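Okay, here's what each chain looks like letter by letter:
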Amino acid sequence: AANKVSLEIDPMSYTIPFFEKYFEYAGIILAKSIVDKTTVNVSLTRSLLKHLLGKKIAIDDLEDMDPDMHRSMKFILETNDDVEDLCLSFTYETKIFNETATRELIDDGYDTTVDELNKKDYVKKFCEAVMIK
């Protein structure tokens, strides 16, 4: 996490052999601590904790993962300038083995321009893609 304190799932963890077993083991430890009413000194990002609890994420949950991205998303929502001037489409970039890959947030996302009417939907889908998927 950006705050260097909270833990989050690395999107590249699938490249580690038997990575599911590590997550299963961590889940068992956390579940056992809950059952035993024992405190485990673990700090999870807000988005991961909310996801585990089945709660909806919000834009502010992005802040402890990536403060710059959080500011950018807030700017898109709050700006009085024309959002179309930012030349955004319904896509986002992710790094895979030091290669940048562009992913669509919706069908035909490459060709869907972010504007005043759909900017809330863009930010919502962007946050979901970055914090949940």
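What you are looking at is a predicted structure, and each value in this text was computed from that prediction instead of being measured.

> How should the overall build of the protein be read in this particular structure?
Looking only at helices and strands, the protein features four helices and two strands. Its helices and strands in sequence order give the protein the pattern α-α-α-β-β-α, from N to C terminus. C-alpha extents for the protein along the principal axes are approximately 55 × 30 × 25 Å. Each of the 133 residues in the protein was classed as buried or not, and the buried ones make up 26%. Taking contacts inside the protein between residues at least 6 apart in sequence as the whole, the part at least 24 apart equals 53%.

> Looking at this model, I keep getting lost on the pairing of strand β1 (residues 91-96). Mind explaining?
On a regular strand, each side chain points to the face opposite its neighbour's, so the side chains alternate between the two faces of the sheet. Direction of pairing for β1 relative to strand β2 (residues 99-104): antiparallel, over a ladder of six bridges. Bridging across to β2, tyrosine 92 finds its partner in arginine 103. In this antiparallel pair of consecutive strands, β1 and β2, the connection spans two residues, and phenylalanine 97 shows a positive phi of 50°.

> Sorry, what's going on with a nonpolar patch on the surface here?
Taken together, Leu7, Tyr25, Ile29, Val40 and Val42 make up a surface patch of nonpolar side chains, about 440 Å² in accessible area. One can find valine 40 in the loop between α1 (19-35) and α2 (46-53).

> Explain α1 to me, please; I cannot follow it from the model alone.
One turn of an α-helix holds 3.6 residues; hence residues three or four places apart share an orientation. Helix length check: α1 (17 residues) gives 25 Å between terminal C-alpha atoms against 24 Å at 1.5 Å per residue, within 8%. A positive phi of about 55° marks lysine 37, the residue just after α1.

> What is the right way to look at unusual backbone geometry in this model?
The bulk of non-glycine residues show a negative phi, and the bulk of peptide bonds are trans. The phi dihedral of lysine 37 falls on the positive side, at around 55°, and the residue is not glycine. Looking at the element boundaries, lysine 37 is found in the loop between α1 and α2.

> Would you take a moment to explain the pattern of salt bridges for this structure?
Opposite charge on two side chains lets them pair, provided their charged atoms get close. Enumeration over the complete set of coordinates arrives at ten salt bridges. Between glutamate 78 and lysine 74 there is a salt bridge, with the nearest N and O atoms lying 3.7 Å from each other. With glutamate 78 and lysine 74 both in helix α3 (residues 67-78), this residue pair falls four residues apart, about one helical turn. Among the residues examined, glutamate 78 registers a relative accessible area of 53% and is labelled exposed. Ionic contacts of the salt-bridge type, sharing partners, join the residues Arg46, Lys50 and Asp61 into one network.

> It is not clear to me how the side chain of histidine 70 should be interpreted in this structure. Could you clarify?
Along the polypeptide, histidine 70 turns up in helix α3. The class for histidine 70 is buried, based on a relative accessible area of 7%. Only 2.8 Å separates the side chain of histidine 70 from the side chain of aspartate 60, close enough to count as a polar contact. In this structure, histidine 70 is in contact with Ile59, Asp60, Leu62 and Glu63, ignoring residues within four places of it in sequence.

What counts, and at which threshold
- Residues numbered from 1 in each chain as written.
- Predicted model: local features only at pLDDT ≥ 70, side-chain atom pairs only at ≥ 80, totals over all residues.
- Heavy atoms only, no water.
- Helix = DSSP H or I, 4+ residues; strand = E, 2+ residues; numbered from the N terminus.
- Buried < 20%, exposed > 50% of the residue type's maximum accessible area, 1.4 Å probe, protein only.
- Contact = heavy atoms within 4.5 Å.
- Pairing = 2+ DSSP bridges.
- Patch = residues over 30% accessible without salt bridge, like charges linked within 9 Å, V, L, I, M, F, W, Y side chains within 5 Å.
- Areas by Shrake-Rupley, 256 points an atom, 1.4 Å probe, with all protein chains shown as cover.
- Salt bridge = Lys/Arg side-chain N within 4 Å of Asp/Glu carboxyl O.
- Expected span 1.5 Å × (residues − 1).
- Polar contact = N/O pair within 3.5 Å; in protein donor to acceptor, adjacent residues only side chain to side chain.

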